[in-house]
Amino acid sequence: MASKFQAPRGTFDILPGPARPRRRLERAAVEVFGRAGYEPIATPVFEDTDLFERGVGKSTDIVRKEMFTFEDKGGRSLTLRPEGTASVCRAYLEHGMQKLAQPVKLHYLGPFFRHERPQAGRYRQFHQLGVECIGTDSPLADAEVIMLLADLLAELGVPGVELRLGSLGSFEARRAYLEDLKAHLHAHEGELSKDVRERIDINPLRAFDSDDEGTRGVMASAPTIVEQLEGEDAEHFAEVRALLDATGVGYTIDPTLVRGLDYYTRTIFSFVCDRLGAQSEIGGGGRYDGLIEQLGGQPTPAVGFAAGIERILLALDEEVAEEGRDAFIAVAGPEQRQRATALAAELRHAGISAELDLAGRSFKSQLKHANRIGARRVLILEADGSAQLRDMETGEQRPADPGNLVEEMTGGEA
Ligand code: AMP
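Residues numbered from 1 in each chain as written. Predicted model: local features only at pLDDT ≥ 70, side-chain atom pairs only at ≥ 80, totals over all residues. Heavy atoms only, no water.

Here's the deal with the overall build of the protein
Thinking step 1. Along its length, the protein carries 14 helices and 16 strands.
Thinking step 2. For the protein, the C-alpha radius of gyration of 27 Å lies well beyond 22 Å, the compact-globule estimate for 414 residues.
Thinking step 3. Projected onto the principal axes, the alpha-carbon positions of the protein cover approximately 90 × 50 × 45 Å.
Thinking step 4. In the protein, which comprises 414 residues, the proportion classed as buried is 49%.
Thinking step 5. Partitioning the contacts of the protein with sequence separation of at least 6, the portion at a separation of at least 24 is 68%.
Thinking step 6. Taken as a whole, the protein presents about 20400 Å² of accessible surface, with 49% of it coming from carbon and sulfur.
Thinking step 7. Each charge class in the protein was averaged separately, 49 positive and 67 negative side chains, and the resulting centres sit 6 Å apart. (Helix = DSSP H or I, 4+ residues; strand = E, 2+ residues; numbered from the N terminus. Rg over C-alpha atoms; globule rule 2.2 N^0.38 Å. Buried < 20%, exposed > 50% of the residue type's maximum accessible area, 1.4 Å probe, protein only. Contact = heavy atoms within 4.5 Å. Areas by Shrake-Rupley, 256 points an atom, 1.4 Å probe, with all protein chains shown as cover. Lys, Arg positive; Asp, Glu negative; His and termini not counted. Charge placed at Lys NZ, Arg CZ, Asp CG, Glu CD.)

Put into structure tokens, the structure is as follows:
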């Protein structure tokens, strides 16, 4: 009978089958990021609400509408983390990482929470993996983090991926540009959607993201920041592009690219996948040179990205075959159970995956079960103390030395 309880709206259980491709992805990420010297970091799943208001930005959709905020028993306002960068920067400052050799290169992986309308690829609890490279404004760092995500997606074999690249310029350049953009939007107010019109002065960049037809028409003739980049901003962007060209990472320049977080400066990028439908972004990020100062630290340039684990899995849409077991220990009778338990422990300590019957099955059903779980070999403990080793693929069976069963398993084939 179905339980009256269900996982909350927008959340899901990760069951053993789907957990396998997920584990492969997580391992690949740790491997790819680790090879480039990025160290793991984990931060709490909730933080002071103020951290996200300051870090992500009060005008963003995330802070305005999507945070799971609650008061704890001490009356503090806490929020389930909607993204990872603000928390990593908080940890960087809290633990004095500015005193370490710079840049500090970190990667993370875990659950994040946004109160969004659930649909395929969009959940209220989802998982991200991300990297942050903190303490350098070099375009080499921008190119490196972009390459890390490109490498990971290539290593996993995610099909149909495209990299879009843009630049927002420095804060000053962006401020001047935003005035131009607002003027353009005000000049066409009548053609804009209500939502965009109401936020012209709060967050005009979001107008580029709108699905509304009138708004899209207005945006087609809007000034873009990429065409207005000057001086060091233009040089920085040119260098990032040259580095990507040199390493063969393909991209398209998207002058309308915007991201849903306020903290970005200069480089921004987005990896999209044509297999994903409406929620086509697999991951994205950029440079956030002002964030650490915003959180109370010294000015500290940084760059990073976050990618959605569920989106990558959806794009891969793969079944990873069951892993199977090295061994199953079958007992001819109940009096062999103790021996079987001790032997299972010994095999596992020796690094061999081994299971035994925990459900009181008959000998015949133990063999059936061994087959079902994909055991490659079955060790049969006979009532007289002898043992047999059966190869489940060939069906061949031979006597095994009962005093050396671990060696029998680690040594030659059955
Ligand atoms: P963001 O932190 O908004 O830049 O998002 C980075 C990545 O996280 C996106 O490209 C998505 O792959 C993923 N993501 C963001 N929000 C959600 C969500 N509600 N459900 C699933 N994945 C998400």
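Further notes follow.
Comments concerning a nonpolar patch on the surface
Thinking step 1. A cluster of nonpolar side chains, contributed by Val45, Phe46 and Phe70, occupies part of the molecular surface with about 240 Å² of accessible area.
Thinking step 2. Looking at the element boundaries, Phe46 is found in strand S2 (residues 46–48).
Thinking step 3. Under the relative-accessibility criterion, Phe46 is labelled partly exposed at 42%. (Patch = residues over 30% accessible without salt bridge, like charges linked within 9 Å, V, L, I, M, F, W, Y side chains within 5 Å. Salt bridge = Lys/Arg side-chain N within 4 Å of Asp/Glu carboxyl O.)

Quick look at the sheet that holds strand S7 (residues 161–167)
Thinking step 1. With mixed pairing, the 8 strands of this open sheet are ordered in space as S1-S5-S6-S11-S10-S9-S7-S8. Looking along the sheet, the strands with just one partner apiece sit at the ends: strand S1 (39–40) and strand S8 (252–253).
Thinking step 2. Pairing of strand S10 (residues 281–287) with strand S11 (residues 302–308) involves 5 bridges; the strand directions are antiparallel. Within S11, the residue paired with Gly283 across the bridge is Ala307.
Thinking step 3. Contacting strand S5 (104–113), strand S6 (125–134), strand S9 (265–273), S10 and S11, helix H11 (residues 309–316) runs over the sheet at an angle of about 50 degrees to S11. (Pairing = 2+ DSSP bridges. Axes fitted to C-alpha atoms, helices over the stretch in contact; angles between N-to-C directions.)

What about the site of the ligand?
Thinking step 1. Residues in contact with the ligand amount to 15 residues; listed here are only the nearest, Arg114, Glu116, Arg259, Glu281 and Ile282.
Thinking step 2. A distance of 2.8 Å separates a nitrogen atom of the ligand from a polar backbone atom of Tyr123.
Thinking step 3. Within the backbone of Gly283, one N or O atom sits 3.3 Å away from an oxygen atom of the ligand.
Thinking step 4. Listed by contribution, the elements that provide at least two residues to the shell around the ligand are S6, S10 and S11.
Thinking step 5. Here the element with the most residues in the shell around the ligand is S10; it accounts for 3 residues.
Thinking step 6. Its residues assigned to classes, the shell around the ligand comprises 5 nonpolar, 4 polar and 6 charged. (Near = heavy atom within 4 Å. Polar contact = N/O pair within 3.5 Å; in protein donor to acceptor, adjacent residues only side chain to side chain. Nonpolar A, V, L, I, M, F, W, Y, C, P; charged D, E, K, R; others polar.)

Quick look at helix H2 (residues 49–56)
Thinking step 1. The complete set of buried residues in H2 reads Thr49, Leu51, Phe52, Gly55 and Val56. Down the axis of H2, the sector holding all buried residues measures 160 degrees, keeping them to one side.
Thinking step 2. Summarising the contacts, the buried residues of H2 are in contact with S2, helix H3 (61–66), strand S3 (69–71), strand S4 (77–80), helix H4 (85–94) and helix H10 (291–294).
Thinking step 3. Gly57, located one to two residues past H2, shows a positive phi value of around 110 degrees. (Arc of directions from axis to C-beta.)

Focus on the nonpolar core
Thinking step 1. Grouped together as the largest cluster of nonpolar side chains are 89 residues, with contacts concentrated most on Phe33, Leu129, Leu181, Phe305 and Ile312.
Thinking step 2. Here this core gets 10 residues from one element, more than from any other, and that element is helix H5 (residues 139–156).
Thinking step 3. The contacts of Leu181, once residues within four sequence positions are left out, are Pro204, Leu205, Phe208, Met219, Ala222 and Pro223.
Thinking step 4. Residues Leu381, Ala387, Leu405 and Met409 belong to the second largest nonpolar core, which totals 18 residues. (Core = buried A, V, L, I, M, F, W, Y, C linked by side-chain atoms within 4.5 Å.)

Focus on the side chain of Gln279
Thinking step 1. The residue Gln279 is located in the loop between S9 and S10 in this model.
Thinking step 2. A distance of 3.4 Å separates a polar atom in the side chain of Gln279 from a polar atom in the side chain of Arg311.

Function cannot be read off these values alone, since they describe shape.
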